[in-house]
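# Chains, contacts and geometry: an overview
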Amino acid sequence: MWLVSESRTLKLQLKLVRATTAIAAANPFSLFNSLCTSNCSQNLEEENKIQQTHNLFLQDLSKKMATNLDDYTVIKEGEAEILMHKKNTVFYNNAQVNNRDLSIAVLRAFISKRKQEHEAYLLKIANRAKKASENDSSESAVEEVDNKTPPEDHKTNGKCESVEEASPVESCTTMEGSVKIDEECDADEEKIDQSEVKGPKELKPPIVLEALSASGLRALRYAREIEGIGQVIALDNDPASVEACRRNIKFNGSVAVSKVESHLADARVYMLENPNKFDVVDLDPYGSPSVFLDSAVQSVADGGILMCTATDMAVLCGGNGEVCYSKYGSYPTRGKYIHEMALRIVLASIESHANRYKRYIVPVLSFQKDFYLRVFVRVYTSASAMKDTPLKLSYVYQCTGCDSFHLQPLGRSITKNTSVRHLPGFGPVVPQECTDCGKKFVMGGPIWSAPIHDQEWVASIIADVNRMKSKYPAYEHISAILNTISEELPDVPLFLSLHSLSSTLKCTSPSAVLFRSAVINAGYRISRTHVCALGLKSDAPMDVIWDIMRCWVKNHPIKGQPADQPGSVILAKEPVLQANFARAVASLSKAQAKKVARFLPNPEKHWGPKLRAGRTITSKHISLLGEAALNGVLNHEENNDEEPKK
């Protein structure tokens, strides 16, 4: 980010001129079309017309800015550049560069996956047509040999019958990617015939909706950096933001002008008016996304992807449990795993909104970093698959005295012959008092207890990021997140903190390698988590975890404690399992073996969310923005005050 001073104003104008030239060449319906559409035969005439175009553009831009270019800052991120006013009229958050980079990586994987699914769908249709034609020809041959029925009695071609014999359940169902489309059998035959005659239809580029665009930086990066992207629609209900977004679209040249549209609209109303239209819906609000979820799950096309950010971590992490329940329909507990629980609360809320419209979600990537969380989910329509939702949700019982927690599944299913019945889950899974320390339990949830990542997607995204590392400004940070996620146990909800376990027992903490070795030697799995550097995910039950800690304390004695403390109660019991702390081969993660840092420091001081657009910057914001930024703003205001006096 650099400030446009008087000495650099000319460079900025030259850049605007180049952008304008590209616009005029690419968009014949633009403001400057009348000066550049004719095919000039002489170079002099062309230069005169281009010069006139440049002048008109600069005049138009100066009118829209209504101020000097020195009042703007040029921000470059990836291949996009935007103009930001120093008075903070439009919100821009530098710390969300990780968010935007990961979103671009996921979108690239989505476009590739979508293409593969479409090709698989076309292959399935072709195979079905081939099988139907073979069955038809074989039946005709049999009829000619038997000669039992006159040919005039056959009024049908036999295709539908052969398809029904091959697959009675799926005879009238086609698949486009992972999207299910129920049709009549006759319509299915027509599709097969059309595919035989016309060949496979071309897959249209995905349509992206950025529901809360602000400056439009995210939409511009999507349009300029993602190959195969279609139309990008940027919405905002703030006129200043829409004006800034349109200015930035022109500033980024012909590609942005041809692909990005900016509209002044309420995102909730716009999404409700366009159901099942957008292949990608991006929600990145300043705060909670809860008010947008209902309309968002309706506007996503079947098989599309919903990308959602939440920055109200204080609410999701239990600071206001009743507010969290009112917004997301779930109550948080205050365990060390609370940031992962926040991810699972948001996923459960999205699933709840989707179920109201016979839809369900499949998470492909979920992460929490700094002050926000981000989830990427595919949205599908299926009344039968929607019934499996209770199997993916659980309540959490958290002990108030120690780190023990237990999950209570919301539902269960039983299979008899070919039918599946969905029933309420068995419970309770815990007694009134904790069997480890004797304290009471608090209950939270429901949360999403199914996997929150698709490891196939994660591997594909990692390969793409490594191949195009120069395209990602925050490559090191997103690479660290993705590689840690790739090593997480996908089927283990929540995690334990090794330091918290030691704090409960008032003992020295074992090293992560020794503790991981003890768990592995006991026959269980264990991994790290991207949410917390000290977090460990394991499928070992809590009694095994405490037995390992009891064995550790025997080898590393501690001072006496009051008998009523949770640690004393836990240590009073003899361990059933004798822990083996011999170093296991799998105790080191891939990152540790390669000595790759996974939890990197912030790139600069005061890293975090900036002020909401329109807020006045005062001395009380020094802890948020830093002294340098604050002094720069105050000096700029003083200079503006002095100019009228002169």
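For clarity, every value in this text was computed on a predicted model and none was experimentally measured.

### Side note on the packing of helix α17 (residues 498-505) against helix α19 (residues 542-555)
- Direction vectors running N to C along α17 and α19 enclose 60°, while the axes themselves pass 11 Å from each other. With respect to α19, the axis of α17 lies oblique. Remark: the crossing between α17 and α19 carries right-handed chirality. Between α17 and α19, the residues in contact are Leu501, Ser502, Thr504 and Leu505 and Ile545, Trp546, Met549 and Val553, respectively.
- The residue makeup of the contact of α17 with α19, split by class, is 6 nonpolar, 2 polar and no charged.

### What about helix α15 (residues 455-467)?
- Spanning 13 residues, α15 covers 18 Å between terminal C-alpha atoms, matching the ideal 18 Å at 1.5 Å per step.
- For α15, the full list of buried residues reads Trp457, Val458, Ile461, Ile462, Asp464 and Val465. The arc that holds the buried residues of α15, viewed along the axis, is 165°, so those residues lie on one side. For α15, the exposed residues set more than 90 degrees away from the buried face come down to Glu456 and Arg467.
- Residue Asp454 occupies the N-cap position of α15, its side-chain oxygen lying 3.0 Å from the main-chain nitrogen of Glu456.

### What about the packing of aromatic side chains?
- Applying the stated rule across the entire model yields 7 aromatic pairs.
- Their ring planes at 20° and their centres at 6.5 Å tell us that Phe367 and Phe376 sit as a pair that is stacked.
- On the basis of relative accessibility, which here comes to 0%, the residue Phe367 falls in the buried class.
- Among the residues examined, Phe376 registers a relative accessible area of 0% and is labelled buried.
- Here the aromatic cluster, defined as three or more aromatic residues joined through ring pairs, consists of Phe367, Phe371, Tyr372 and Phe376.
- Arg412 extends its terminal NZ or CZ atom over the ring of Phe426, reaching a point 3.8 Å from the ring centre.

### Overview of unusual backbone geometry
- Cis geometry marks the peptide bond from Gly427 to Pro428, where omega comes out at 0°.
- Considering the arrangement of structural elements, one finds Pro428 in the loop between β16 (419-424) and β17 (441-448).
- Following Gly445, the chain continues to Pro446 via a peptide bond in cis, the omega torsion being 5°.
- You can see Pro446 is positioned in strand β17.
- With phi around 60°, Asn417 is a residue other than glycine that occupies positive phi space.
- Structurally, Asn417 is set in the loop between β15 (411-416) and β16.

Conventions used here
Residues numbered from 1 in each chain as written. Predicted model: local features only at pLDDT ≥ 70, side-chain atom pairs only at ≥ 80, totals over all residues. Heavy atoms only, no water. Axes fitted to C-alpha atoms, helices over the stretch in contact; angles between N-to-C directions. Helix = DSSP H or I, 4+ residues; strand = E, 2+ residues; numbered from the N terminus. Parallel < 35°, antiparallel > 145°, perpendicular 65-115°, else oblique. Left-handed = near helix turned anticlockwise from the far one by under 90°. Contact = heavy atoms within 4.5 Å. Nonpolar A, V, L, I, M, F, W, Y, C, P; charged D, E, K, R; others polar. Expected span 1.5 Å × (residues − 1). Buried < 20%, exposed > 50% of the residue type's maximum accessible area, 1.4 Å probe, protein only. Arc of directions from axis to C-beta. Polar contact = N/O pair within 3.5 Å; in protein donor to acceptor, adjacent residues only side chain to side chain. Phe/Tyr/Trp six-rings, centres within 6.5 Å; stacked < 30°, edge-to-face > 60°. Lys NZ or Arg CZ within 6 Å of the ring centre and 35° of its normal.

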